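# Descriptive structure summary
Listed here are the chains, written in short residue letters.
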Amino acid sequence: GLPGLFLTAVQAAAGDGTEAMAAPGPDYVLRGRDVLWFAGDAAGVHSLRKIPGLAPQTQQVDKLKLHKTERRLVQAVVAVRSPLIGQTVRDSHFRTCYDAVIIAVQRSGGRIQAKIGDIALLAGDVLLLDTGSSFLRMYKADPAFALVSEIENSAPPQFEKLLPACGTAVVMIAVFVAGGVGPF
């Protein structure tokens, strides 16, 4: 399993896209384009981002116009006197105003099971955001948030650099073994 996460449902790629089956058994075989629904904490979401081949289902993250290496996971708590209180995420134009995408909303210790855009925000709501590395600096003192903190090491991994790095290491070892170059 994944720490801090559990699979709640799978929406099969071959289906009509409307019906998700509750957590399938261990004999279920995943296919490309299946949509996996997880529940868990921010650390669990962070661990999902490190698995090659998994991509967030939301297209909102793509609208941020940030390079993958600039993205971070951030938690922000809605302040008592926040202008966001009472507005739905959609009506607040959160992504446009804060250059951040809300991935999940936690209220009173539990995740709100609704479409993100339809959630009316309340004081104390904890927002899990996918945003740029500058969010913390820009909104740390913003009156909309009581607390803003970055999840450590939350930049998405750069899998595209793995193959060139491995290739370089193999060449270096081959040259060393062949006696072409000393270790230092």
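Everything below is about the structure printed above this text.
For the structure given in this document, a descriptive report is provided here.

This part is about the environment of Ser92. By secondary structure assignment, the location of Ser92 is in helix H2 (residues 89–92). Owing to a relative accessible area of 7%, Ser92 belongs among the buried residues under this scheme. Separated by 28 residues in the primary sequence, Ser92 and Ala120 have C-alpha atoms spaced 9.4 Å apart. Setting aside its immediate chain neighbours within four residues, Ser92 contacts Leu84, Gln87 and Cys97.

Despite not being glycine, Asp99 has its phi angle at roughly 50 degrees, a positive value. Along the chain, the position of Asp99 falls in the loop between helix H3 (94–98) and strand S5 (100–107). At Ser108, a position not held by glycine, the phi torsion is positive, near 50 degrees. Tracing the backbone shows Ser108 in the loop between S5 and strand S6 (110–111). On the accessibility criterion, Ser108 (80% relative accessible area) is exposed.

Cut-offs applied
Residues numbered from 1 in each chain as written. Predicted model: local features only at pLDDT ≥ 70, side-chain atom pairs only at ≥ 80, totals over all residues. Heavy atoms only, no water. Helix = DSSP H or I, 4+ residues; strand = E, 2+ residues; numbered from the N terminus. Buried < 20%, exposed > 50% of the residue type's maximum accessible area, 1.4 Å probe, protein only. Contact = heavy atoms within 4.5 Å.

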